[in-house]
Amino acid sequence: MSYRQNIQLTPDKKLKHFLTIEGLSRAILTDILDTAETFVSVGEQAVKKVPILRGKTIVNLFFENSTRTRTTFELAAKRLSADVLNINISVSATSKGESLLDTLRNLEAMQSDMFVVRHSESGAAHFIAQNAPDHISVINAGDGCHAHPTQAMLDMFTIRRHFPSFNQLKVAIVGDILHSRVARSQIHALTTLGVEEVRVIGPKTLIPTDVEPMGVHVYHDLRQGLDDVDVVIMLRLQNERMQGALLPSPQEYFQSYGLTENTLAYARPTAIVMHPGPINRGVEISSKVADGPRSVILEQVTNGIAVRMAVMSMVLGSYAAARGEK
Ligand code: CP
């Protein structure tokens, strides 16, 4: 099965599933950002709810750990007035030998409308989308090293809230690019939205050999790579996906690639610092930077709710309908 196959659009080019940024147009990405903008105010109301997905049933299927993504998907669904089921995979029937497809058939029989899927295998969300009945939409909440499209979109939303346009921005992504589904989705989003330059910075062992054709410049020296950038995106070392010793000790890694006040000084004075989380203080980022005035890490978390509301309402075709649009 090719998980690159783009099954996420309807014949009239609307989002049906949200599985990867790859292959989506700038217009669709911009539509997600604009729709998310309209949902920001919901979180600032006394009653944080709108009735857009009332009567819909959304199933959170997380086969891998998550803090931010699972909870913000749940909050987003509840703020849209959907009913939410959180399946605890460790105590579900898949741990008793039931196949994934049989578990899904049972959830479909409960008249679900959407599956939000996180899985350690690349391609899992595509597999589920290909095997789901027509009325069910699937959102990829992170699959292996492949894609994490809603994370990338909440990152784009956060950048757009700090800068007037994408096209004059230099963005650096620093760290374990090789194992990062977030980096892959960010690179597709940044290049599609037309940023001036995307850089990836890291040791040779953590940069994929085929990354340059994606439209990025590779740096192995942190200071050179950060020179004059507007946005610094730090990534954690994904030790759970590393096979063999790709790195010296965490202390040596921090010496070469850790973001500190000193290394951040190479970026533009207006540069913002981002991280998808979870952060590892003293490994890829110092506490002074993570908690400092240029860090927007917690803004990213808040923005994740509005962006996930936008994606959920768009794939169910409910946002335009709620506004009386065609
Ligand atoms: N950024 C992110 O995916 O974090 P979680 O693993 O906590 O969901």
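Draft legend 1. The arrangement of the overall build of the chain in detail. Scanning the chain from N- to C-terminus turns up 12 helices and nine strands. In summary, the chain has a C-alpha radius of gyration of 19 Å against a globular reference of 20 Å for 326 residues, a match within 12%. C-alpha atoms of the chain, sized along the principal axes, occupy 55 × 45 × 35 Å. Classification of the 326 residues of the chain by burial places 53% in the buried group. Total accessible area on the chain is roughly 14,200 Å²; 50% of this is exposed by carbon and sulfur atoms.

Draft legend 2. Local environment of the nonpolar core. Core analysis: the biggest nonpolar cluster contains 66 residues, and Phe18, Ile173 and Met312 have the highest contact counts within it. No other element matches helix H11 (residues 297-315), which puts nine residues into this core. Counting contributing residues, this core receives three or more from each of domain 1 (6-147 + 302-322) and domain 2 (163-295). Core analysis: the second largest hydrophobic core is formed by 23 residues, Ala172, Leu226, Ala267 and Ile285 among them.

Draft legend 3. How the structure looks around the site of the ligand. The environment of the ligand is made up of Ser66, Thr67, Arg68, Thr69, Arg118, His148, Gln151, Pro276 and Gly277. A distance of 2.8 Å separates a nitrogen atom of the ligand from a polar atom in the backbone of Pro276. Protein contact buries 90% of the 260 Å² of open area that the ligand shows by itself. The residue makeup of the shell around the ligand, split by class, is one nonpolar, six polar and two charged.

Draft legend 4. Expanded view of the sheet that holds strand S9 (residues 272-274). With parallel pairing, five strands are arranged side by side in an open sheet as S7-S6-S5-S8-S9. Edge positions in the sheet fall to strand S7 (217-219) and S9, since each of these pairs with one other strand and no more. On average, each strand axis in the sheet is tilted by 20° relative to the strand beside it, whichever way the strands run. Pairing between strand S5 (residues 170-174) and strand S6 (residues 197-201): five bridges, direction parallel. Along S6, the bridge assignment pairs Lys170 with Glu197. Here helix H6 (residues 181-192) sits on the sheet and contacts S5, S6 and strand S8 (231-234); the angle it forms with S5, its principal contact strand, is near 170°.

Draft legend 5. Quick look at the sheet that holds strand S4 (residues 137-143). Here we have four strands laid out as an open sheet, ordered S2-S1-S3-S4, and parallel in their pairing. At either end of the open sheet lies a strand with only one pairing partner, and these are strand S2 (83-88) and S4. The sheet shows a mean angle of 15° between the axes of neighbouring strands, taken without regard to direction. Pairing analysis gives five bridges linking strand S3 (residues 114-119) to S4, with the strands arranged parallel. In the strand pairing of S4, Met114 is matched with Ser137. Taken strand by strand, helix H4 (residues 124-131) contacts S3 and S4, and its axis lies near 165° from that of S4. Contacting strand S1 (57-62), S3 and S4, H11 crosses the sheet at an angle of about 145° to S4.

Draft legend 6. Region of the structure containing the packing of helix H1 (residues 26-39) against H11. Where H1 meets H11, the closest approach of the two axes is 8 Å, and the angle between their N-to-C directions is 115°. Seen along the crossing, H1 lies across H11 with a hand that is right-handed. Contacts between H1 and H11 involve Asp31, Ile32, Thr35, Ala36 and Phe39 from the first element and Ala306, Val307, Met309, Ala310, Val311, Ser313 and Met314 from the second. Partitioned by chemical class, the residues of the contact of H1 with H11 number nine nonpolar, two polar and one charged.

Criteria and cut-off values
Residues numbered from 1 in each chain as written. Predicted model: local features only at pLDDT ≥ 70, side-chain atom pairs only at ≥ 80, totals over all residues. Heavy atoms only, no water. Helix = DSSP H or I, 4+ residues; strand = E, 2+ residues; numbered from the N terminus. Rg over C-alpha atoms; globule rule 2.2 N^0.38 Å. Buried < 20%, exposed > 50% of the residue type's maximum accessible area, 1.4 Å probe, protein only. Areas by Shrake-Rupley, 256 points an atom, 1.4 Å probe, with all protein chains shown as cover. Core = buried A, V, L, I, M, F, W, Y, C linked by side-chain atoms within 4.5 Å. Domains from an automatic or database assignment. Near = heavy atom within 4 Å. Polar contact = N/O pair within 3.5 Å; in protein donor to acceptor, adjacent residues only side chain to side chain. Nonpolar A, V, L, I, M, F, W, Y, C, P; charged D, E, K, R; others polar. Pairing = 2+ DSSP bridges. Axes fitted to C-alpha atoms, helices over the stretch in contact; angles between N-to-C directions. Contact = heavy atoms within 4.5 Å. Left-handed = near helix turned anticlockwise from the far one by under 90°.

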